[in-house]
Structures are given as structure tokens and as C-alpha cells.
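# Observations on chain architecture
Chain by chain, the residues:
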Amino acid sequence: MVYISSTHYEDAYRRILDGATHTTGTSVLIFASIDVDAICALRLLTTLLKRDSVGHKIIPVNNYADITQMNTTLIESNLQIRSLVFLNCGAQVDIQDLVSLRDGLTVLIVDSHRPFNLYNVYWNEQVQCLDDGDVEKNMGELRQAFEDIEFGNNNASDDDNSDSDSDSDGEDIVGQKRNSDDDVVSKKKRKTGMDPEEFIRLQEQRAKKRELRQYHQTLVQAYYAQGSYYGQSCAVSMLMLAEQLGMPPSADLVWWAIVGATSQYLLHQIDDNGYALVVSRMRDLSRRVSVSSMPAVSSSRDKAASGDARRSVNYSSSSSSQALLDSQLGYPGDSVFNPYLDIVEEEDDEGFLKARAGVSTAAEAGLLTSSKITARQSTDIIESAELQFTLLRHWSLANAMQYSPFVARRLATWSSRGRSRLDLLVAKLGLSKAEAGAPFVHLAPELKTQLYQRMSEIGADYDMADATYRGFVRNYGWRKSSLSGSDMVQALLALLQPPGGTGLESGFYAAYDALAQFSVLRRGLEGAMEMQRLVVGQGVTMLERQAVKTLRSFRLAMVGMEGSSAAAFGSAFALRQLALFLMQTLRERSKVAQSRLPFIIVAPHEDDKLLVLGITPMGQGLARPQVAGAAFNGSQFAGESRNQFGMVFEAVAADLGADVRQGFFDSNVIEIKREDMSAFVDKLRRHL
């Protein structure tokens, strides 16, 4: 067994620690996919490695070609490397095709992409995959099938061959009349010296073996043909690992896991039931950590806590002892998240100095300082009913509703009637235009409370009965606005997609730092606001111009090839957000049959290339071969939602002979030359 069950994650981590004892340098390479969930998982993992003084190096990767290149430059030539960790990548391919395994090298795959490549799960003891429960519960029969195909003997086929050999003068049967079955059995008996009944029993046994082997082959083929889907968030898996290692949960660890899982939900990688499982678990943890535990004054050591993830980390035993002592005393070491890294010092805080200058006694000044320190300490994580108004806490209510994909598709704000309904909704919420246009943080508390109450009362009248969902909010202390999990995801996505689609590595490290530096996070929030303007603006324009074509078996949208907004969608993250907005809007406003159609969107990418992305509605999928009763047909986080576009794109490209590149870990995103696109669409019609 080379998969690690969800109750024994610590076994995989201990192998990493064992490997680190055999070297004094960097022993762990972490290959992290450039996405929100992987970055949150990376924060959790590096916290554990720093605590245990394990030298490690972080390598951002965007596709499997990056991993192959790093295998040549970093793995084959460096015998000090004892462990390879893959975060949100590696599960769907045979990892042995990408990296050179040698004695003493351990590979740990923590990936939410499904389905697993069975060679990773059942083949090599050096390769370990963290299971979220689906492998252990739903793939028992599949394991038997895989082992039968790979390790089982071929007695059935061998026996068939021996039978045919024994009948080599076999034309004695072909072309001749057989008097009776007894004659045939008698001939077999004379040749084999076997009792007729025993011969018949063996033949029946061989037939059953052949049938079972054929069934096993069908089962494995159906498993791979089901298409891609997602399992448990990598960040949640890393939090479970930290718990099993006995690390007390802290606000930062729990928050990173919440953000990672929320990214899956917002990008429609898991369904409502899968998200409910996460919320249930995080609810209990957030209550445990939502007590004030931060120190009163941040030190210079705190300010350096963000670290430079781009450098190899190596620690001595003395630093390990100091880290242990710090953790026992509640002192925030480098591995602990500090939301006050960029807190303005008192001498630079104009508001604080003005307030202090107005006091009349030293006692009042001391009270003011005490209040400031107390405010700093509030870093609770609170479960909350979140409105689907994008980035509500960080700009005005008017902007949050205008640039919310949820509001746009429910009210059809690309039409004059829809815009009128939006104005009427704001009025019925009890807010004037001036109040709606003011920064949300400046609204009176009673108006904010009224907003949620009124929305629950009148939401159904505007087709928004489901305007709220369960989420989590983190308070960042004095002078900083609270952030919801969705706010964090939007900010990190904005940082991950720099202008022009270049500088992916710099975007990766910016997002990594944003989890610990509020100044970087604020920059991400500003970028997220701009991105929401682009997504909703582009989507509304395409709906107005009817730029989405409904074909027999799928919908096709082409983003305009000119303009700055078009260039922004050369990123897979932005393109997916736009595709989700368009697909959900058209799905809610179409006939039942058309609402189930898969969606393909095309946008300009680099030079003369186009980016093509295919998605299917949650709970839907393309027709696929299924084995009745197979447990792997469903999963606990994605249900029966599957995306078969990766296989479809591959088949179309092979049929067309086009130069197609799957440059991402999501197989449903490809790059294609512009000149091949027309023929590619024609072939798609035949394959879907």
C-alpha cells in the first residue's frame, strides 16, 4: 500500500524527517503549483518544516515540463535531496515518468486533482499519495483490478494457447462434422489423459478468469475515462497533517486551510456538499483558535517573519531549540503568521499621535496606548453568512453589487430593465444612492445589519433567495479591515495573474507573501477590484453582443482579440472566472436541455497562440463509459461532476495533427495556434 489514509498522514511526514537526518543541507524540494490552494498548503507545510529544522527549497511550477526540467537540474545531480513534495500537482500522471527515482528518495504527492494515476497509488513504495478517503472507501475493487492486470498471472491466456497447441492438427475440427460433444471430450481425454468432468471444470474455470480479467480491464478504462475532478483541498490536508503531528491549531494555520478550500468552492472545483464538509470541520477549529493570543508588541523579529521563500532554508539545532522555546512561551517565531508585520509605529501613526496629543493626563495617554494594543490582538476567525457581493468590505456596496457575477446574472444587468431592477433593489435595502456609493466600512453599523436582514426578506423577489452562503471572516486587528475567505481568494488570484500573463513566478511569491504581509495583501485587493471590473464588464459586453454561440453539443465563446481587457484573459485564472460567469448566466436563462451544455471559451494568449478552456456545469459532465455500481463514480467533494475536456482536446488534437500544448496541470486548458482554431472547432463538433 503506497497511498496514505487520512488518519495516518504523519507517517508520510516522518519519512521526510528520516530523510533529513542523512544530510546537513537542503533535503526537501517542494514543487508547488501556481494556484491559491497550493500556496496555502505551502504556507502550512513550510511552517512544519521550519519547526522541525528541515532544510527545504520551494520551486513554483506551472506545468509538467517545469518538473521535468527541474529533475535534470536539481534532482539527478544532487544526492542530498532525500524528499520531493508535490503540492497540487503530480497525482494524474505516473510521477516516475517525470522524476528519476533512486534509493533513499521519497516522493510525497499532495494533490486535489483527480483521478489518481494508479501507478502512483499502488505501484512503488517510494511514491506516496495522501488520500482524502475516496481511495480507501471507493477504490477497493479498482485496486484488485489493477493488481490483477499488473501482477496477476496469465494462466487463462496460457491455457488457451496450450489448448490451441494441443489442437495444432486442429484442422481435425475445422471443416469436419462433429458427431457429438462426447466425441470431442473423448479426443481431449486421449490427448491430455484427463477425466472429461475435470476437463470441463477447468475449461469453465478458465472462462471465468477471462471474463474477470476483461471486467477488470473495463473497470480501469472506465476509471481513467471518467474525466477530471477535484478532491480534498491541499491546504486542508496539510492542516490535518499538522494536527496529527500534535501541533496546536492557531489562527494562521486554520485560516490558510479555509482560504485554500474556499478557492475550490469559488472556482467550482467542489460542489455544495463538499464545501459543507469543509465548513463543518473548520467551524470547530475556528472556535478553538478565536481567542486573543497575539503578543502586545511586535518585535523586529516579527517584521522579518514573511521570509524569503525563494531561498533555501537551513536551520541549526540551536535555532530549533529556540523555536521550541518560543512556541512554549507563545512567542511568534518566523513560522507563525503575524498580521501586524507592517503595523505603523506609534511615532509614524498620525491618527494615534493626534489622539494622544489631545489627552490631558498621563493616565489617559496610558489608556489610549492600552486600547491600541488590545485592538491589535483581535485576530479572531468567525463563521459568517456571506453575501455574494464581491469584495463588499473593501469598496462601496454599489460597486460590490454592480461587479458581482451573481447579481449580474440574476438581474441581467446588461439590459436596461436589469439595471433598473438593481437600482430598485438598492432602494428597498433602505440605502440612499449616497450611502450605497460610500465605502462600505464607513456605513453605520445599524445600516450594515439592516442590509443582511433586508436581503434575507426581499432576496426572493429578485431571484436572490440564495444570496448568502456560509463562510468565514478574519479580523486583522486595529486599523485593518476584516477579510472573508472569498476576499482573500480574490486578492491572491489577482496577485497570481500579473499584467500580460508574464512573471508567473513573481506573482507566486507575491501571493505567498500576501498570506503574511498585509501591505502585499492590500495590493492584491486593489488588483481584485480591477479584475472584477474586467470580468463582469467583458461578460456583459459579450452577452449584449450575443458573442456566445450555442452549437448542438456545446457553447463556444470567443474573447475579442484586441484591447487591454482581452489581454487580461490570457491568464487561465481570469479566463476561468469569465467562463464561469458566462456559463452560469446562460445556464440560468436557457431551456433545460441547453442548460446542460458544456462551455468552451477562447482568448488570445502569447504571440499567435490562443488559450482554450473547457468547463462543464457542476453536477453535469459529458457522456462517459461507466461501470454500473462502481464506487468511484462518485466522490465526497465533487459528487458526480466530471470534466472530460482534457481527453476530448487530446483526441481532437491527434485527429487534427495540430500543435496543441497542455501547459497547465488542469488538462481542460490548452494552448493552440490561431491558424488551427477553425479546424479545431470543426473537429470538436464531431467528438462531442
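Up top is the structure these notes are about.
Summarised in this report is the structure supplied together with it. Keep in mind that what you see is a predicted model, and the values were worked out from it rather than measured.

What follows concerns the overall build of the protein chain. The secondary structure content of the protein chain amounts to 29 helices and 17 strands. Looking at the protein chain as a whole, 53% of its 688 residues qualify as buried. Contacts in the protein chain between residues at least 24 apart in sequence constitute 75% of all its contacts with a sequence separation of at least 6. Carbon and sulfur atoms make up 49% of the accessible area of the protein chain, which totals about 30100 Å².

The next point concerns the environment of V536. Here V536 lies in helix α24 (residues 518-544). Owing to a relative accessible area of 3%, V536 belongs among the buried residues under this scheme. Not counting residues within four places of it along the chain, the set of residues in contact with V536 comprises Q402, Y403, S404, P405, A408 and F581.

Relative orientation of the contacting elements helix α10 (residues 234-244) and helix α12 (residues 272-289) amounts to 45°, with a least axis distance of 13 Å. Considered as vectors, α10 and α12 are oriented oblique to each other. Crossing handedness for the pair α10 and α12: left-handed. Within the contact between the two elements, α10 uses V236, L239, M240 and E243 and α12 uses V278, R281, M282, L285 and R288. A breakdown of the residues in the contact of α10 with α12 according to their chemical character gives six nonpolar, no polar and three charged.

Moving on, we come to the pairing of strand β4 (residues 83-87). Here β4 lies mainly inside the structure; five of its five residues are buried. In β4, alternate side chains face the same way, and those of S83, V85 and L87 on one face and L84 and F86 on the other are all buried. As paired strands, strand β2 (residues 28-33) and β4 are joined by five bridges and run parallel to one another. When the sheet's bridge partners are listed, V28 is paired in β4 with S83. Strand direction decides the pairing type here: β4 and strand β5 (residues 106-110), joined by five bridges, are parallel.

In this section: the pattern of salt bridges. Following the criterion strictly, the structure yields 18 salt bridges and no others. One salt bridge in this structure joins D11 and R14, with 3.8 Å as the shortest N-O distance. Taken together, the residues span about one helical turn, with D11 and R14 both in helix α1 (residues 9-20) at a distance of three residues. Looking at D11, the relative accessible area reads 36%, which means it is partly exposed. The exposure class assigned to R14 is partly exposed, which follows from its relative accessible area of 42%.

To summarise the sheet geometry, strands pair through backbone hydrogen bonds and adopt either a parallel or an antiparallel arrangement. Judged by pairing direction, the sheet is mixed, and its six strands sit side by side in the order β12-β13-β14-β15-β17-β16 without closing on themselves. Two strands lie at the open edges of the sheet, namely β12 (548-550) and β16 (660-661), each paired on one side alone. Bridge count for strand β15 (residues 609-615) against strand β17 (residues 669-673) is five bridges, and the pairing is antiparallel. Across the sheet, the residue bridging to L613 is V669, located in β17. Each of β13 (555-558), β14 (599-604), β15, β16 and β17 touches helix α29 (residues 677-687); the most contacted strand, β17, lies at about 130° to it.

Take helix α9 (residues 196-225) next. For α9, built from 30 residues, the straight-helix expectation of 44 Å at 1.5 Å per residue is met to within 8% by its first-to-last C-alpha distance of 43 Å. Considered for burial, the residues of α9 that qualify are F199, L202, R206, H216, L219, V220, A222, Y223 and A225. For α9, the N-terminal capping position is held by D195, with its side-chain oxygen 3.1 Å away from the main-chain nitrogen of E197. Downstream of α9 by a residue or two, G227 has a phi angle that is positive, lying close to 100°.

Note that the residue after R114, namely P115, is joined by a cis bond; omega there is 5°. Among the secondary structure elements, P115 is positioned in the loop between β6 (113-114) and α4 (118-122). In the Ramachandran plot, L391 falls in the positive-phi region, its phi being about 55° despite a non-glycine side chain. Note on L391: relative accessible area 3%, which makes it buried.

The tally for this structure, following the rule as stated, stands at 16 aromatic pairs. Geometrically, the ring pair formed by Y122 and F146 is tilted, given 5.9 Å between the ring centres and 35° between the ring planes. Here F146 lies in helix α6 (residues 140-151) and Y122 lies in helix α4, a separation of 24 residues in the sequence. Residue classification places Y122 among the buried residues on the basis of a relative accessible area of 8%. With relative accessibility at 4%, the residue F146 sits in the buried group. Look at F146 and F151: their rings are 6.5 Å apart centre to centre, the planes differ by 85°, and that puts the pair in the edge-to-face class.

Residues L87, F599 and I601 are the most contacted members of the largest nonpolar core, which totals 142 residues. A per-element tally of this core places α24 first, with 12 residues. Excluding residues that lie within four positions of it along the chain, L87 makes contacts with I30, F31, A32, S33, A38, A41, L42, L45 and V110.

A surface patch of like charges, here negative, comprises E606, D607, D608 and E675. Looking at the element boundaries, D607 is found in the loop between β14 and β15.

Inspection of the secondary structure puts L253 in helix α11 (residues 251-266). Counting along the chain gives 208 residues from L253 to L45, while the straight-line C-alpha distance between them is 9.9 Å. In this view, L253 contacts L44, T47, L239, M247 and P248; residues no more than four positions away in its chain are not counted.

The subject of this paragraph is helix α3 (residues 64-75). Taken residue by residue, α3 has Y64, I67, N71 and I75 as its buried positions. Seen from one end, α3 has its buried residues packed into an arc of 50°, which puts them on one side. Close packing links the buried residues of α3 with β2, β3 (56-61) and β4. Capping the start of α3 is the job of one residue whose side-chain oxygen sits 3.1 Å from the backbone nitrogen of A65: N63.

Moving on: the sheet that holds strand β9 (residues 381-387). The strand order β9-β10-β11 describes an open sheet built from three strands, whose pairing is antiparallel. In the strand order of this sheet, the two ends are held by β9 and β11 (483-484), each with one partner. Alignment of β9 against strand β10 (residues 468-474), held across seven bridges, turns out to be antiparallel. Residue pairing across strands places S384 opposite G471, the latter belonging to β10. Each of β9 and β10 is contacted by α12, which is oriented at about 30° to β10, the strand it contacts most.

Cut-offs applied
Residues numbered from 1 in each chain as written. Predicted model: local features only at pLDDT ≥ 70, side-chain atom pairs only at ≥ 80, totals over all residues. Heavy atoms only, no water. Helix = DSSP H or I, 4+ residues; strand = E, 2+ residues; numbered from the N terminus. Buried < 20%, exposed > 50% of the residue type's maximum accessible area, 1.4 Å probe, protein only. Contact = heavy atoms within 4.5 Å. Areas by Shrake-Rupley, 256 points an atom, 1.4 Å probe, with all protein chains shown as cover. Axes fitted to C-alpha atoms, helices over the stretch in contact; angles between N-to-C directions. Parallel < 35°, antiparallel > 145°, perpendicular 65-115°, else oblique. Left-handed = near helix turned anticlockwise from the far one by under 90°. Nonpolar A, V, L, I, M, F, W, Y, C, P; charged D, E, K, R; others polar. Pairing = 2+ DSSP bridges. Salt bridge = Lys/Arg side-chain N within 4 Å of Asp/Glu carboxyl O. Expected span 1.5 Å × (residues − 1). Polar contact = N/O pair within 3.5 Å; in protein donor to acceptor, adjacent residues only side chain to side chain. Phe/Tyr/Trp six-rings, centres within 6.5 Å; stacked < 30°, edge-to-face > 60°. Core = buried A, V, L, I, M, F, W, Y, C linked by side-chain atoms within 4.5 Å. Patch = residues over 30% accessible without salt bridge, like charges linked within 9 Å, V, L, I, M, F, W, Y side chains within 5 Å. Lys, Arg positive; Asp, Glu negative; His and termini not counted. Charge placed at Lys NZ, Arg CZ, Asp CG, Glu CD. Arc of directions from axis to C-beta.

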